[in-house]
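A structural walkthrough
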Amino acid sequence: MRKIECISVFDMLKVGVGPSSSHTLGPWRAAQRWIAELKQKERFNEVEKIHVDLYGSLSLTGKGHATDIATILGLLGHDPVTMDISIIESEIERLKHSGRLLLNGERELDFSFNEDIKFNRKFLEFHPNGITFRAILKNGKKTSSSFYSIGGGFVVKKERKNASKKMKNFQEFPFPVEKATELVQYCKAENKRISDIVLENERSLRSDEEIDTGLKQIWQVMLESMYIGCHTEGTLPGGLNVKRRSFEMHQRLIGDTEYSSVEDWIPAIRKTEVKFRQILKWVSCFALSVNEVNASLGRVVTAPTNGSAGTVPAVLMYYMVIENHQASFDEIKRFMLVAGEIGSLFKKGATISAAMGGCQAEIGVSSAMAAGGLTELLGGTPEQVLMASEIAMEHHLGLTCDPIGGLVQVPCIERNAMGAIKAINAAEIAMESDASRAKVPLDKVIETMWETAKDMNKKYKETSEGGLAVKVNLSDC
Ligand code: SF4
């Protein structure tokens, strides 16, 4: 039996809170899982004191990525999908001032914000993003549990207890896919598009109604994050004094066109004049808007990570408002199914964690996902879809991760715009190409990305210890 775990489109595209999937969403989920573990072992009511240790990259860029805040929100019992994000600041301030933490909203404990979450420079062996929760129980005994945030909001334990269930689910897929070559073979044998194959697999996990409801929710969050970003002025938090740019950019692009809600927004944009420069600006504006929302602890869709959350919606929105004014949920669904599958190929064959592979694993993968989704909607063959994804990644190979001040702002926000534009260009090149003559198959570029990741100097893997992060001083900003 192949030891491959099933990855659903809902693993690759999930609702979360910014700024980082590995450093915010992952630790948040880890805290929730630890509470569930304590309850399952009937230790929850015995806990008297808790302490959290962050290791490696989670520690080095944890302050800028709000890892401490996310961990606390998880300990407080909030869920990243449903929490009212407008109360995050007040929740944290209350804890800081009172020195008390209401564990899972049930048990009040002493907790010092500054002392009970420790940032350790040391890396744990299993993965660069380690987090250990420790508790002292009423009987004086201690208990601890370690989790690893492996990118894209995925959280695992070293012993990987869920792995066998996920492997079984993979085996039960009608079309189990590990490599891009298998995917295209299924398409040929069944005479289906990539989205049809992915949908069949998804149906072995959930009903059609659940798939449609879930994808509509994801699109709604993507759309709202673009809308909120385009309608919010000011400066991003964190101390870099980064001005939000999508607000003014959007104002200039939309001009006098009237609309009054997020629903009216799409038809309003369709009425605006779009020449090449406007198209570039609209796509950039959509990408910047999502990542400005992400940088201010807003709600976005992890695609495949939070730092790269703007690329996929920007390209899908481009299709909706510029390329096809009749586009409906059917196109949105197909785009997401293809994009999710492309992302899962990278997760299976390489990584989507910047702490493992640098920014090629985030923006590179998001660009490849978007290029694939767009190419299918443009009428490309399955081979052209894979070619577009390959082209998009090929020109991100070696991209390092060097966020200034550990914040997901510079270079991150603009990188999403570049990833989106590259995805559109990759799709167009693939549409003009005979994909059977492609020199670099997608599987080879995935392997190359992984080899490049292993060769990359550790300081370029989400540590803020190299590149722009050391060249640009916070005091200059
Ligand atoms: S540089 Fe790239 S990988 Fe690193 S935090 Fe920014 S977007 Fe993520």
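Here goes a summary of the coordinates provided. (Residues numbered from 1 in each chain as written. Predicted model: local features only at pLDDT ≥ 70, side-chain atom pairs only at ≥ 80, totals over all residues. Heavy atoms only, no water.)

**Let's talk about the overall build of the protein chain**
This is how it is decided: The way it works is that DSSP assigns letters per residue, a run of H or I at least four long becomes a helix, a run of E at least two long becomes a strand, and they are numbered from the N terminus. Atoms considered for the radius of gyration are the C-alpha atoms alone. The globule rule reads 2.2 Å times the number of residues to the power 0.38. Classification of residues uses two cut-offs on accessible area relative to the type maximum, computed with a 1.4 Å probe and protein chains only: under 20% is buried, over 50% is exposed, and between them is partly exposed. In what follows, residue pairs with any heavy atoms lying within 4.5 Å of each other are defined as contacts. Working definition of accessibility: Shrake-Rupley area with a 1.4 Å probe, residue cover restricted to the visible protein chains.
Scanning the protein chain from terminus to terminus reveals 20 helices and nine strands. The C-alpha radius of gyration computed for the protein chain amounts to 22 Å, which stays within 12% of the reference 23 Å derived for 477 residues, consistent with globular compactness. Along the longest, intermediate and shortest principal axes, the C-alpha atoms of the protein chain span 70 × 60 × 45 Å. Buried positions account for 58% of the 477 residues belonging to the protein chain. For the protein chain, contacts bridging at least 24 residues in sequence account for 77% of all contacts bridging at least 6. Here the protein chain has roughly 19800 Å² of accessible surface; of this, 48% comes from carbon and sulfur atoms.

**With respect to the environment of lysine 14**
Structurally, lysine 14 is set in strand 1 (residues 14-17). Spatially, the C-alpha atoms of lysine 14 and valine 221 are 9.6 Å apart, while their sequence positions differ by 207 residues. Among residues more than four places away in sequence, those in contact with lysine 14 are Leu25, Gly152, Gly153, Phe154, Val300, Val301 and Thr302.

**Quick word on a positive patch on the surface**
To keep it simple, the criterion reads: To count toward a patch, a residue needs a relative accessible area over 30% and no salt bridge; like charges are then connected within 9 Å, while nonpolar side chains (Val, Leu, Ile, Met, Phe, Trp, Tyr) are connected within 5 Å. Throughout this description, the term salt bridge denotes a Lys or Arg side-chain nitrogen within 4 Å of a carboxyl oxygen of Asp or Glu. Charge assignment: positive for Lys and Arg, negative for Asp and Glu; neither His nor the chain ends contribute. Charge coordinates come from a single atom per side chain, which is NZ of Lys, CZ of Arg, CG of Asp or CD of Glu.
Taken together, the side chains of Lys41, Arg43, Lys141 and Lys161 present a region of like positive charge at the surface. Residue position: lysine 161 is located in the loop between strand 8 (154-156) and helix 6 (163-172). In this structure lysine 161 comes out as exposed when scored by relative accessible area, which is 69%.

**So, the packing of aromatic side chains**
Filter applied, for reference: Ring geometry is summarised as follows: Phe, Tyr and Trp rings, the Trp one being its six-membered ring, pair when their centres sit within 6.5 Å, and such pairs are stacked at plane angles under 30 degrees, edge-to-face over 60 and tilted between the two.
Throughout the structure, instances matching the rule amount to nine aromatic pairs. With a centroid separation of 5.1 Å and 15° between ring planes, the pair formed by tryptophan 34 and phenylalanine 133 is classed as stacked. Within this pair, whereas tryptophan 34 is found in helix 2 (residues 21-40), its partner phenylalanine 133 is found in strand 6 (residues 129-137), the two being separated by 99 residues in sequence. A relative accessible area of 2% places tryptophan 34 in the buried class. Assessed through its relative accessible area of 0%, phenylalanine 133 is described here as buried. Measuring from ring centre to ring centre gives 6.4 Å for tyrosine 227 and tyrosine 259, while their planes differ by 80°; the resulting arrangement is edge-to-face.

**Regarding the packing of helix 2 against helix 4 (residues 67-76)**
Applicable threshold: Only C-alpha atoms enter the line fits that serve as axes; for helices the fit covers just the stretch in contact. Angles between N-to-C directions range over 0 to 180 degrees. Note that the term roughly parallel is reserved for angles under 35 degrees, roughly antiparallel for angles over 145, roughly perpendicular for angles of 65 to 115, and oblique for everything else. We call a crossing left-handed when the near helix sits turned anticlockwise from the far one by less than a right angle, and right-handed when that turn is clockwise. Throughout this entry, Asp, Glu, Lys and Arg are counted as charged residues, while Ala, Val, Leu, Ile, Met, Phe, Trp, Tyr, Cys and Pro are counted as nonpolar. The remaining residues, Gly among them, count as polar.
Packing of helix 2 against helix 4 brings their axes to within 7 Å, and their N-to-C directions diverge by 30°. The orientation of helix 2 relative to helix 4 falls into the category roughly parallel. Crossing hand, helix 2 versus helix 4: right-handed. Contacts between helix 2 and helix 4 involve His23, Thr24, Pro27, Trp28, Ala31, Gln32, Trp34 and Ile35 on the former and, on the latter, Thr67, Ala70, Thr71, Leu73, Gly74 and Leu75. Each residue belonging to the contact of helix 2 with helix 4 can be placed in one class, and the counts come to eight nonpolar, six polar and no charged.

**Quick word on the pattern of salt bridges**
Applying the stated criterion across every chain yields a total of 24 salt bridges. Among the ionic pairs, arginine 100 bridges to glutamate 108, the shortest N-O distance being 3.4 Å. For the salt bridge of lysine 275 with glutamate 273, the shortest nitrogen-to-oxygen distance reads 3.8 Å. Judged by relative accessible area, which is 53%, lysine 275 ranks as exposed.

**Focus: the side chain of asparagine 294**
Its location among the elements puts asparagine 294 in helix 12 (residues 276-295). Every residue in contact with asparagine 294, bar those within four places of it in the chain, is listed here: Gly18, Pro19, Ser20, Val300, Asn306, Gly307 and Val408.

**Let's talk about the site of the ligand**
The test is simple: In this text, near means that some heavy atom of the residue lies within 4 Å of the molecule or strand in question. Here a cavity means grid points, on a 1 Å grid over the protein atoms only, where a 1.4 Å probe fits yet cannot get out; a pocket means an open set of points with protein on both sides within 12 Å along at least five of seven lines; lining residues are those with an atom within 4 Å of a point. Assignment to a cavity or pocket requires that more than half of a molecule's atoms be within 2 Å of the site's grid points.
Taken together, the neighbourhood of the ligand is formed by Gly307, Ala354, Cys359, Glu362, Cys401, Asp402, Cys412 and Arg415. Judged by the fraction of its atoms near the pocket grid, the ligand is located in the largest cavity. Residue composition of the shell around the ligand, by class: four nonpolar, one polar and three charged.

**Let's talk about empty space enclosed by the protein**
Heads up, the condition is: Grid points are joined across faces, edges and corners, and a volume is the space filled by probe spheres set on the points.
In this structure the tally under the stated criterion is three cavities of 30 Å³ or more. Each pocket or cavity is described by its volume, and for the largest cavity that value is around 160 Å³. Residues that form the lining of the largest cavity fall into these classes: nine nonpolar, eight polar and four charged. Its volume calculated, the second largest cavity comes out at about 60 Å³. Lining the second largest cavity we find Ile7, Phe173, Val177, Val198, Asn201, Glu202, Glu341 and Lys348. Put simply, the parts of the chain that give the lining of the second largest cavity at least two residues each are helix 8 (194-203) and helix 14 (329-349). Here the element with the most residues in the lining of the second largest cavity is helix 8; it accounts for three residues. Of the residues assigned to the lining of the second largest cavity, the class counts are four nonpolar, one polar and three charged.

**A look at the layout of surface pockets**
To find leftover empty space, one rolls a probe the size of a water molecule over the atoms. Approximately 1500 Å³ is the volume found for the largest pocket. Contributing to the lining of the largest pocket are 50 residues, with Phe154, Val155, Val156, Arg160 and Lys166 lying nearest its centre. Per-element tally for the lining of the largest pocket: the top contributor is helix 2, with six residues. Here the residues of the lining of the largest pocket are counted per class, giving 21 nonpolar, 11 polar and 18 charged. In this model, the second largest pocket occupies a volume close to 560 Å³. If you trace the second largest pocket, you find 24 residues lining it, with Ala66, Ile69, Ile88, Pro237 and Leu297 closest to the centre. Elements that contribute at least two residues to the lining of the second largest pocket include exactly helix 4 and helix 5 (88-98). Split into classes, the residues belonging to the lining of the second largest pocket amount to 12 nonpolar, seven polar and five charged.

Fair warning: the whole summary comes from geometry, so function is off the table for now.
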